[in-house]
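Chain residues, written in single-letter form:
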Amino acid sequence: MSDLGKGRGTRSTTGGRPALRKGPAQRGLTDVSLDRVVEGDCIELLRGLPAGSVDLVFADPPYNLQLGGELLRPNNSRVDGVEDAWDRFDDFASYDRFTRDWLAAARDALSDDGSLWVIGSYHNIFRVGAILQDLGFWILNDVIWRKSNPMPNFRGKRFTNAHETLIWAAKSKDSRYVFNYESMKALNDDLQMRSDWTLPLCTGGERLKDAEGRKVHATQKPEALLWRVLLAASNPGQLVVDPFFGSGTTGAVAKRLGRRWLGFEREADYAAAARKRIARVQPLGPEELETIRPRRAEPRIPFGWLVERGLIEPGTQLFDPSRRWTAKVRADGSLISSEHRGSIHQVGAAVQGAPACNGWTFWHLDVEGRAVPIDLLRQKLRAEMH
């Protein structure tokens, strides 16, 4: 195995960690080997992880931009682009071998229900997508990150490159991957989150600079982008691995959101900057991390429990929103109307002549002159139980 057992991780000083939904320690990883930056080759480090130990991989690999010559603005000032050695490959074949190797290692490290996000530009994302499909990943979405403040096209020979593409893929088509649909909807003003995200580039105080005021990393991603990815596809306590850690955006957001994390980075300067950055991050508390849970994950509340708890008295008259149909509550939680008897769902369907009915939203009761759906009482009881 790799050197993951060495060194010390960044630990929270604000109390206990969220409970793990899946236990990395039970899959060959311990607290000592988590929440830290490991310097070295990402492929070897991914191969050193125990099989099935990772819940989510976020990867921002080299784009293989194939740049030639300097890029100048109209005023002849030089554009600070990506010119680092880590983005250079001899040819497409060597880039493809590199991509296949790290993706295969990442897939082995992922749990059966794990997923992977990878971001890229038109230079590399299509090659990456084809290779991950060849390896057995199951693509769930391609997400377009539309940059609200993109770098202009100074030469005027192409459209301005105003977006990057993220691929979200499950380990296989049978994976029961995490997707916090309700949280994404809440994040988007109660509208379904779409696959096109408009977010600005990393600027201002978030951008890491060295002592001379130069960018620490040419392609630092904004924390808002990682916030959305981690909130969507992982839960508190789960393990997120970033094999191309760079300036540490993934680790900073993971720590803030109560996820365990590992970052692999071969460049010592980047690793040092990431450690310093993440050390300043304060994790959110358990209450702040609580998110909207899907209805299927909520405890089942039979209507009869509301009667038992005195939230609805036997003999209470219920009615539909139009007050066309009525029914009375009986002591056992069943309803009786003029012609029908049964559960809230059965009687609701019967009075309408419908094949089915959600009795929780169909039936209402009078509360100080207002028609209130009985589902509000179910939510009240569920909150007390939780």
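That block above? That's the structure.
Going along each chain's sequence as written, the residues are numbered from 1 onward. With the structure being a predicted model, the display of local features is reserved for residues of pLDDT at least 70 and the display and counting of side-chain atom pairs for 80 or more, all residues being used for whole-chain, interface and lining totals. Note that the side-chain values use all heavy atoms of the structure and ignore hydrogens as well as water.

### Some words on helix α3 (residues 125–134)
Restricting attention to buried positions, one finds in α3 the residues Ile125, Val128, Gly129, Ile131 and Leu132. In the segment just after α3, Gly136 is the residue with positive phi, at about 105°. Type-normalised accessible area, obtained with a 1.4 Å probe on protein chains alone, sets the label of each residue: buried when under 20%, exposed when over 50%, and partly exposed for intermediate values. Where helices and strands are cited, they refer to DSSP runs of H or I of at least four residues and of E of at least two residues respectively, numbered from the N terminus.

### Some points on the pattern of salt bridges
Within this document, salt bridges are pairs made up of a side-chain nitrogen of Lys or Arg and a carboxyl oxygen of Asp or Glu, the two lying within 4 Å of each other. Inspection of the entire model under this criterion finds 13 salt bridges. In this structure, Glu44 engages Arg47 in a salt bridge whose closest nitrogen and oxygen atoms are separated by 3.1 Å. On the criterion of helical spacing, the pair formed by Glu44 and Arg47 is a turn pair, its members being 3 residues apart in helix α1 (residues 42–47). Residue classification places Glu44 among the partly exposed positions, given a relative accessible area of 47%. Looking at Arg47, the relative accessible area reads 49%, which means it is partly exposed. For Lys221, the salt bridge goes to Asp60, with nearest N and O atoms at 2.8 Å. Residue Lys221 is located in the loop between β6 (196–199) and α5 (223–233), and its partner Asp60 is located in the loop between β2 (54–59) and α2 (92–109); the two are separated by 161 residues in the primary sequence. You can call Lys221 buried: its relative accessible area is 5%. Residue classification places Asp60 among the buried residues on the basis of a relative accessible area of 15%.

### With respect to the side chain of Lys255
Looking at the element boundaries, Lys255 is found in helix α6 (residues 249–256). In this structure, Lys255 is buried with no salt-bridge partner, the nearest side chain bearing the opposite charge being Asp35 at 8.8 Å. Pairs of N or O atoms within 3.5 Å make up the polar contacts considered here, provided that, within protein, one atom can donate a hydrogen while the other can accept it, and that residues adjacent in sequence are counted only when both atoms are side-chain atoms. Looking at Lys255, its side chain comes within polar contact range of the main-chain oxygen of Ile278, at 3.0 Å. Asp and Glu count as negative and Lys and Arg as positive, but His and the ends of the chain are not part of the count.

### Observations regarding the packing of α5 against α6
Relative to each other, α5 and α6 sit at 55°, their axes nearing to 9 Å. One finds that α5 runs oblique with respect to α6. Of the two possible hands of crossing, α5 and α6 adopt the one that is right-handed. Listed contacts from α6 to Glu223, Leu226, Trp227 and Leu230 of α5 are Thr249, Thr250, Ala252, Val253, Ala254 and Arg256. Three categories are distinguished: nonpolar for Ala, Val, Leu, Ile, Met, Phe, Trp, Tyr, Cys and Pro, charged for Asp, Glu, Lys and Arg, and polar for the others, with Gly belonging to the last. Looking at the contact of α5 with α6 residue by residue, the classes come out as 6 nonpolar, 2 polar and 2 charged. Simply put, an axis is a line fit to the C-alpha atoms, just over the touching stretch for a helix, and the angle between two N-to-C directions goes from 0 to 180 degrees. Roughly parallel here means an angle under 35 degrees, roughly antiparallel means over 145, roughly perpendicular means 65 to 115, and every remaining angle is called oblique. The hand of a helix crossing depends on one turn: near helix anticlockwise from the far one by less than a right angle means left-handed, and clockwise means right-handed. In this analysis, two residues are considered to be in contact whenever any of their non-hydrogen atoms come within 4.5 Å of each other.

### Re the pairing of strand β10 (residues 326–329)
Note: strand β9 (residues 317–319) against β10, 3 bridges, orientation antiparallel. By the bridge assignment for β10, Leu318 is matched with Ala327. Pairs of strands are assigned from DSSP output, requiring at least two bridges between the strands. Pairing between β10 and strand β11 (residues 335–336): 2 bridges, direction antiparallel. Bridged to Val329 within β11 is Leu335. A loop of 5 residues connects β10 with β11, the two strands running antiparallel in sequence, and Gly333 in this loop sits at a positive phi of about 90°.

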